[in-house]
Amino acid sequence: MRIGELATRSGVSVRALRYYEEQGLLTAERSESGQRHYPERAVDRVQLIQMLYGAGLSSRTILDLLPCVDARVNTPESRARLAAERDRIDEQIAGLIRTRDRLDAVIALSENPANGCTLIHD
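All values reported here derive from a predicted model rather than from experimental measurement.

**Quick notes on the pattern of salt bridges**
Going through the model one piece at a time under the given rule, you end up with 9 salt bridges. For R9, the salt bridge is made with E5, and the minimal N-O distance between the two is 3.6 Å. Here R9 pairs with E5, and both are found in helix 1 (residues 3-10), just 4 residues apart, close to one helical turn. Of the residues examined, R9 reaches a relative accessible area of 38% and is grouped as partly exposed. For R36, the salt bridge identified is with E21, shortest N-O distance 2.7 Å. Here R36 is found in strand 2 (residues 36-37), whereas its partner E21 is found in helix 2 (residues 14-22), with 15 residues between them in sequence. The pair formed by R36 and E21 is uniform in burial state, with each residue classed as buried. Within this structure, E5, R9 and E40 form a network of salt bridges that share partners.

Here's what the structure looks like:
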């Protein structure tokens, strides 16, 4: 499939696909005229890359982990790397929960006119 079709089917921009290719995360065959052609499995690959980016992994980390995904083999090192990333994400989640809780407290305080907040109605 060509790059435009891959972009449509995977839900990412053509520019993002070119970036993934520059980073070594995605490969394409080239036609004689230089057009990129991707195999069917590229859709799943792009969705995995998107998911890993969404989880906060860097392109370097993703690049390090993809050979394990491709070979369907894991090593103690790859498991440790994944566990470290999971721990980092857990810390981010905990921080976001603390932030949300503080915002909830501010909202609750602002809803009570006795706390000196002026209530403006639309």
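**Some thoughts on the packing of aromatic side chains**
Applying the stated criterion to the full structure yields 2 aromatic pairs. Their ring planes at 25 degrees and their centres at 5.7 Å tell us that Y20 and Y53 sit as a pair that is stacked. With Y20 in helix 2 and Y53 in helix 3 (residues 42-54), this residue pair connects regions lying 33 residues apart in the sequence. One aromatic cluster is present, built from ring pairs that chain together Y19, Y20 and Y53.

How each quantity is defined
Residues numbered from 1 in each chain as written. Predicted model: local features only at pLDDT ≥ 70, side-chain atom pairs only at ≥ 80, totals over all residues. Heavy atoms only, no water. Salt bridge = Lys/Arg side-chain N within 4 Å of Asp/Glu carboxyl O. Helix = DSSP H or I, 4+ residues; strand = E, 2+ residues; numbered from the N terminus. Buried < 20%, exposed > 50% of the residue type's maximum accessible area, 1.4 Å probe, protein only. Phe/Tyr/Trp six-rings, centres within 6.5 Å; stacked < 30°, edge-to-face > 60°.

These results come straight from atomic positions and should not be treated as a statement about function.
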